[in-house]
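Overview (structure and organization)
Each chain, written out:
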Amino acid sequence: MGGVGLCLSGGGYRAMVFHLGALRRLNEAGWLPKLTRVASVSGGSIVAGVLGLGWRDLDFDGDGIARRFGDLVEEPILRLAGTTVDVPAVLNGLVSGGASRRVQASYDRYLFHGATLQDLPADDEGPRFILLATNLSNGTLWRFSRPYMRDWRSEPVNNPTLPLAHAVAASSAFPPVLSPCRLRIPGRDVVTLTDGGVFDNLGLEPVLKRCATLFVSDGGGTFKEQPKPPGDWLRGTLRVLSTVDVQVRRLRSRQLMDALESGQRAGSFWAVNSLQAEYGGRSPNLPCPEEESRALAATPTRLAAMSPETRHRLVNWGYGLADAALRTFVDPGLPEPAGFPHPGGIG
């Protein structure tokens, strides 16, 4: 088994921007052109979709560093993170039942501009991008990719021309407010989809089975203990969903760590609620104090506008953790960065 896989978890804008920082560090370390699979869910699928759409134009130099990462990936993601998508979508959904369609329209307007799954790179041009959703009809993991879209129980739709924004909206259809997302395939029953994190919040399954080296970025946030959980139906339902989410994430994390610690797979794992002190390769040029780290991990799981300061701190946090993970577990000889991508550190 060969190949290098990257997994980008769910977690709304928090995860999207955190992953952006990790991707920036992976790019500087020359890992992006080595990738053979990129699997993503929810907030991770937003940044994965942008990376995939821009892949052919990234302009890799001789060291494997994408010269145009900033303008093709970082700038559009940071612009989107300054725009609120979820509240207008929910309000629209209350009237028309089309919250997911409104999210799709926003993604297309700000990021994808009519692109389809066929605008992702072919397997001989770059990694296969796999955007994951959960099929509520049969409880399986639905995969959107350039070669096909399907779950393991369905006949594939080969070479799908589905809008990329539709696939990302399905992957990030967080229940109950942004879900479901309905996929109409001619000649078949409607496929009812929800957030990919319901099945696999790390996006691990398609990569663990096929790649010898794994990089997993988890922006899923922290589960807050509540001695007296809410009892009303709305907040109670959200609490139940949060509990399901954290349990799925813990199970997937254990699966990943077993593979890494046993030597079955190489690579590394970092999470937004980790502490930099847990990694031996931390850099004095990238200070990440515990208090500020925990504050960033507590950023709400929303598709809501972030201040420029919050956006930059989350990019810096993802960058700093990915650097520590790479230099601790993958490449101890990797040169230390001169500093964070954005002024102000992480707090």
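The text that follows walks through the structure, step by step, so that each part is easy to find.

**Looking at the packing of aromatic side chains**
What describes a pair of aromatic rings is the distance from one ring centre to the other and the angle between the planes of the rings. Summed over all chains, the structure comprises six aromatic pairs. Their ring planes at 70° and their centres at 6.0 Å tell us that Trp55 and Phe129 sit as a pair that is edge-to-face. Taken together, the residues span a long stretch of sequence, with Trp55 in the loop between α2 (43-54) and α3 (69-80) and Phe129 in strand β3 (residues 128-135) at a distance of 74 residues. Phe129 shares its class with Trp55; the two are buried. Ring geometry for Tyr279 against Phe329: centres 6.1 Å apart, planes inclined by 80°, an arrangement best described as edge-to-face. Note that Tyr279 is positioned in the loop between β10 (266-271) and α10 (290-297) and Phe329 in helix α11 (residues 308-329), a separation of 50 residues in sequence. Site record: aromatic cluster; members linked through ring pairs are Trp31, Phe215 and Trp270. Between the NZ or CZ atom of Lys34 and the centre of the ring of Trp31, over which it lies, the distance is 4.3 Å. One Lys or Arg, Arg153, reaches over the ring of Trp152 and ends 5.9 Å from the middle of that ring.

**Quick word on the pattern of salt bridges**
Scanning all chains against the criterion turns up 16 salt bridges. The salt bridge partner of Asp86 is Arg302, with a shortest N-O separation of 2.5 Å. Of this pair, Asp86 sits in helix α4 (residues 86-96) while Arg302 sits in the loop between α10 and α11, and the two are 216 residues apart along the sequence. Arg252 is the salt-bridge partner of Asp200, the closest N and O atoms lying 3.4 Å from each other. Here Asp200, found in helix α7 (residues 197-200), pairs with Arg252, found in helix α9 (residues 233-261); they are 52 residues apart in sequence, far enough to count as distant. Looking at Asp200, the relative accessible area reads 0%, which means it is buried.

**A few points about the nonpolar core**
Phe144 and Trp270 are the most contacted members of the largest nonpolar core, which has 82 residues in total. The dominant element in this core, judged by the number of residues it contributes, is α11, at nine residues. Look past the residues within four positions of Trp270 in its chain and what remains in contact with it is Phe18, Ala22, Leu26, Phe215, Val216, Ser217, Asp218, Tyr279, Leu321, Ala322 and Ala325. The next biggest cluster of nonpolar side chains, apart from the first, holds 18 residues, and it includes Cys7, Ala39, Leu260 and Phe269.

**Concerning the environment of Ala39**
With respect to the helices and strands, Ala39 occurs in strand β2 (residues 37-41). Measuring from C-alpha to C-alpha, the distance between Ala39 and Ser179 comes to 21 Å, with 140 residues separating the pair along the chain. Those residues within four positions of Ala39 in sequence are excluded, and the remaining contacts are Leu6, Cys7, Leu8, Ile130, Leu132, Gly203, Pro206 and Val207.

**A few points about the pairing of strand β8 (residues 191-195)**
The buried count for β8 comes to five of five residues, which makes it a mostly enclosed element. As defined by bridge partners, β3 adjoins β8 across three bridges and the pair is classed as antiparallel. Pairing of Ala133 across the sheet is with Asp195, part of β8. In terms of strand pairing, strand β7 (residues 181-183) meets β8 through three bridges, oriented antiparallel. Bridge pairing links Cys181 to Leu193 in β8.

**A look at α3**
End to end, α3 covers 16 Å across twelve residues, agreeing with the expected 16 Å (1.5 Å per residue, within 8%). Listing the buried residues of α3 in full gives Phe69, Val73, Glu74, Pro76, Ile77, Leu78 and Leu80. Elements in contact with the buried residues of α3: α1 (12-28), α2, α5 (99-112) and α11.

**Here's the deal with the side chain of Ser100**
Topologically, Ser100 is positioned in helix α5. Look at Ser100 and you get buried, because its relative accessible area is 6%. Sequence-distant contacts of Ser100, that is, excluding residues within four places in its chain, are made with Ala169, Leu178, Pro180 and Cys181.

**Structural notes on the packing of α1 against α3**
At their nearest, the axes of α1 and α3 sit 10 Å apart, and the two run at 165° to each other. By the criterion of interaxial angle, the relationship of α1 to α3 is roughly antiparallel. Handedness of the α1/α3 crossing: left-handed. Here Tyr13, Met16, Val17, Leu20, Leu23, Arg24 and Asn27 of α1 lie close against α3, whose contacting residues are Phe69, Val73, Glu74, Ile77, Leu78 and Leu80. Residues of the contact of α1 with α3, tallied by class, amount to ten nonpolar, one polar and two charged.

**Some thoughts on a nonpolar patch on the surface**
Taken together, Phe174, Val177, Trp233, Leu234 and Leu238 make up a surface patch of nonpolar side chains, about 480 Å² in accessible area. Mapped onto the secondary structure, Phe174 falls in the loop between α6 (164-171) and β7. Overall, Phe174 belongs to the partly exposed group, its relative accessible area being 32%.

**Structural notes on the packing of α2 against α5**
Between two packed helices, both the angle of their axes relative to each other and the distance between the axes serve to describe the pair. Relative orientation of the contacting elements α2 and α5 amounts to 40°, with a least axis distance of 11 Å. Viewed along their axes, α2 and α5 adopt a mutual orientation that is oblique. As for how α2 packs across α5, the hand of that crossing is right-handed. Contacts between α2 and α5 involve Ile46, Gly49, Val50 and Leu53 from the former and Tyr107, Leu111 and Phe112 from the latter. Counted by class, the contact of α2 with α5 contains six nonpolar, one polar and no charged residues.

Scoring rules and cut-offs
Residues numbered from 1 in each chain as written. Predicted model: local features only at pLDDT ≥ 70, side-chain atom pairs only at ≥ 80, totals over all residues. Heavy atoms only, no water. Phe/Tyr/Trp six-rings, centres within 6.5 Å; stacked < 30°, edge-to-face > 60°. Helix = DSSP H or I, 4+ residues; strand = E, 2+ residues; numbered from the N terminus. Buried < 20%, exposed > 50% of the residue type's maximum accessible area, 1.4 Å probe, protein only. Lys NZ or Arg CZ within 6 Å of the ring centre and 35° of its normal. Salt bridge = Lys/Arg side-chain N within 4 Å of Asp/Glu carboxyl O. Core = buried A, V, L, I, M, F, W, Y, C linked by side-chain atoms within 4.5 Å. Contact = heavy atoms within 4.5 Å. Pairing = 2+ DSSP bridges. Expected span 1.5 Å × (residues − 1). Axes fitted to C-alpha atoms, helices over the stretch in contact; angles between N-to-C directions. Parallel < 35°, antiparallel > 145°, perpendicular 65-115°, else oblique. Left-handed = near helix turned anticlockwise from the far one by under 90°. Nonpolar A, V, L, I, M, F, W, Y, C, P; charged D, E, K, R; others polar. Patch = residues over 30% accessible without salt bridge, like charges linked within 9 Å, V, L, I, M, F, W, Y side chains within 5 Å. Areas by Shrake-Rupley, 256 points an atom, 1.4 Å probe, with all protein chains shown as cover.

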